[in-house]
Amino acid sequence: MAIFSSLGAWVTIGLGNLGLSLTAAVAVGGAVTNIAIGAALLGAQSLFSAVTSGPRSSTSTPQAQATVNQSTGPRIRGYGRAKLGGTRAFWDSKNGILYQLIMGHHGKIDGYETFYVGDTNAFLGEGGVAINEPLAGRVYIEGFNGDEDQVASSSMMASWPAIWTSDHRLRGIAYWRVEFHSPPSEQFQGVFPEGYNTPVRVIARLSQVYDPRTEVTAWSDNAALCILDYLTHQDGYNRSIDDIDIQSFADFADVCDEPVPLSTGGTEPRYRIWGVYSLTDDPQEVLGKMRAACDAEFYQTAEGKIAIRGGAWTPPTVTIRDRDIIGHSMEQGNNRFSAFNELKILYTSATHDYQTMEASAWSNLDDQEERGVLSASLSLDMVPSAQQARRLAKIHIAKANPEWKGTVVANLSALNALGERTVRLVLPELGIDDAFFVAGFSIRPDLTGVELSIMSINEASYTWTIEEEGQAAPVPEDTSPDLSYPVPTITSLTESDDIITVTVADPGRPDLELHAQIRAGAGSLWQDMQPDGLTAEFGPVSPPSPVTYLVRTRWRGALNAAGDWSTVAEIELG
């Protein structure tokens, strides 16, 4: 009975709230009941029907880009890189300046990489001032990483001393302070295309995670390390590290770090996680998206700890032969009318502004010719590249459309398969001698045998070549107007028949229109000149006495925005 005492230790840990489908009863003191063990635990449930699963209700990365005004906005946390908006904690103006504090991430982040005002990348100089047009001198941004001991913004305390004090620290919240300084009215729309509601978003490296291989906590997008953090974090599953089989996570982290060649040159890690979740999301849904990003499966060790595996080919070490088999119920392939022959693959693309994109679909053209297109979709919200999404899709297809699947009842020698991810099945009557994925494991109540739910899988499902990447989604052309206008160069300023004409050098920008102004000496009002291509005219003028006319020019373009004035040119008449 020692083996059943061991089995009891193997299945008794309470994993129900992890979404584990597991019932267990052990033979102790002569009382024997059934043991039903899902071999892949969280990873293998519904493998036979997972293809048709609908969209998840949890927060997606693109949704996190919204900037909202709410008293209690969503609390967002995430891994890898993401583009984030947030909830405004402060929004008020004085002296022509709009002040905002935007809370973007619950918990400390590793750092900010890019700030966007509307769709314009803000390059920041000393003091957080934007130094690129059209934002230069009009936008100030300061990022706070969300440290537990972070101090209040000194700029906010100086600007709003009666409202913002040293106690307003927003500890544990990554946020950014923003100032919009009002430009001249003709430049306003070019600087702030959505007016006062122009969003300020960031691309950031999100949560730091613990790496058991180095015992260092730092930023990483390694899928295994992100899952380990979510399992143990107080805003995830809040499991004790003592509940975790650390070595399995270290081993799986090595798998995730493996470099995979890219058709464009270089490599990328095999499995990364980039994405966010809301603290109100169902943890099982969040964990499901994280598992999907790396083909991960959870299982229990003999010590009752949570372990992880998957993502790579696991050759079987246990063989079940026909002499061990009491009976079987095997069928060839998926049901003909429920199998799919086209798999659409959705992922979150960093090169497409962190929006949901569709990778090249996997298609069985021969089958489509016979039966028409039968589509299914695979949503990989936390996958950051089309190549990774395609690799996962290939594995998904193999599991969803196995050559063989069914149930095998074997004698107790099959207890050796307990806890195994794969077994080799030899069944000559069906011509089977292949590797099978173990999707379920149970011991008969009368101890006459072991029942395994299995489906065929092979090493080819996990092999990869750059030829399988498919066609990359094109990066859309940037159609936003170029608002970085040059300063005109005045090449001549002349007078003829009482008409003053100014001419400027060609900027090579057909989208620009010349704007020229003139005034009769310092202190008088500027008046517009009549533009005509690279020249502008004013007149007639017939001063009664000598007058020095001053002329300045600038370029105007899209959104009625304008560039800087040129150096003033002078012409004396009379």
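Going by the structure above, here's the rest.
Bear in mind the structure is a predicted one, so any value in this text is a computation, not a measurement.

S.K.: Is there a simple way to think about the packing of aromatic side chains in this case?
M.R.: Given two aromatic rings, their pairing is described by the distance between the two centres and the angle made by the two planes. Applying the stated criterion across every chain yields a total of 13 aromatic pairs. For the ring pair F90 and W164, a centre distance of 5.9 Å and an interplane angle of 80 degrees mean the geometry is edge-to-face. Within this pair, whereas F90 is found in strand 5 (residues 86-94), its partner W164 is found in the loop between helix 2 (154-159) and strand 10 (173-181), the two being separated by 74 residues in sequence. The residues F90 and W164 share a single accessibility class, namely buried. Ring geometry for Y230 and Y237: centres 5.9 Å apart, planes at 85 degrees, overall edge-to-face. Using a relative accessible area of 9% as the deciding quantity, one classes Y237 as buried. Joined through ring pairs, the aromatic side chains of Y79, Y230, Y237 and Y277 make up one cluster.

S.K.: Please explain the pairing of strand 21 (residues 342-349) as it appears in this structure.
M.R.: A regular strand places its side chains on the two faces of the sheet in alternate fashion. Buried residues dominate strand 21, accounting for six of its eight residues. As consecutive antiparallel partners, strand 21 and strand 22 (residues 355-363) are separated by five residues, and within that stretch D353 has a phi angle of approximately 60 degrees, a positive value. Summarising the sheet, strand 21 and strand 23 (residues 375-380) pair through six bridges and their orientation is parallel. For I345, the partnering residue across the bridge sits in strand 23 and is L378.

S.K.: What is the right way to read the pairing of strand 26 (residues 432-443) from this model?
M.R.: Burial within strand 26 is extensive, with nine of its twelve residues counted as buried. Relative to strand 26, strand 25 (residues 422-427) runs antiparallel, the two being bridged by six bridges. Residue pairing for strand 26: V423 is matched across the bridge by F436. Once strand 25 ends, the chain turns through four residues before running back antiparallel as strand 26, passing G431 with a positive phi of about 70 degrees. In this structure, strand 26 lies alongside strand 27 (residues 450-456), joined through seven bridges in antiparallel fashion. Residue pairing for strand 27: V438 is matched across the bridge by I454. Following strand 26, the chain reverses through six residues before pairing antiparallel with strand 27; L447 in that reversal takes a positive phi of roughly 60 degrees.

S.K.: Mind showing me how you'd approach the sheet that holds strand 32 (residues 530-532) here?
M.R.: Sheet strands pair via backbone hydrogen bonds, and the direction of the pair is either parallel or antiparallel. If you trace the four strands from one edge of the open sheet to the other, you get 28-29-33-32, paired in antiparallel fashion. Among the strands making up the open sheet, the edge pair consists of strand 28 (490-496) and strand 32. If you compare each strand with its neighbour and ignore which way they point, the axes differ by 20 degrees on average. Sheet topology note: the strand 29 (residues 499-504)/strand 33 (residues 535-538) ladder contains four bridges and is antiparallel. Note that in strand 33 the partner of T503 across the bridge is T535.

S.K.: When you look at helix 8 (residues 386-400) in this model, what are you seeing that I'm missing?
M.R.: Working note: α-helix, 3.6 residues per turn, so residues spaced by three or four point in the same direction. Here helix 8 contains 15 residues, and its C-alpha end-to-end distance of 20 Å stays within 8% of the 21 Å for a straight helix at 1.5 Å per residue. Of all the 15 residues making up helix 8, 14 are buried; the element is thus mostly covered by neighbouring parts of the structure.

S.K.: Any chance you could explain the pattern of salt bridges here in plain terms?
M.R.: Taken as a whole and judged by the stated rule, the model has 25 salt bridges. Its salt-bridge partner being D119, residue R201 comes within 3.8 Å of it at the nearest N-O pair. Within this pair, whereas R201 is found in strand 11 (residues 200-205), its partner D119 is found in the loop between strand 7 (111-117) and strand 8 (120-122), the two being separated by 82 residues in sequence. With a relative accessible area of 63%, D119 lands in the exposed category. With its nearest N and O atoms 2.8 Å apart, the salt bridge here joins D433 to R424. You can call D433 partly exposed: its relative accessible area is 45%. Judged by relative accessible area, R424 falls into the partly exposed class, the value being 28%. Here the residues in one salt-bridge network are D295, E297, R309, K399 and R421, joined through shared partners.

Procedures and definitions
Residues numbered from 1 in each chain as written. Predicted model: local features only at pLDDT ≥ 70, side-chain atom pairs only at ≥ 80, totals over all residues. Heavy atoms only, no water. Phe/Tyr/Trp six-rings, centres within 6.5 Å; stacked < 30°, edge-to-face > 60°. Helix = DSSP H or I, 4+ residues; strand = E, 2+ residues; numbered from the N terminus. Buried < 20%, exposed > 50% of the residue type's maximum accessible area, 1.4 Å probe, protein only. Pairing = 2+ DSSP bridges. Axes fitted to C-alpha atoms, helices over the stretch in contact; angles between N-to-C directions. Expected span 1.5 Å × (residues − 1). Salt bridge = Lys/Arg side-chain N within 4 Å of Asp/Glu carboxyl O.

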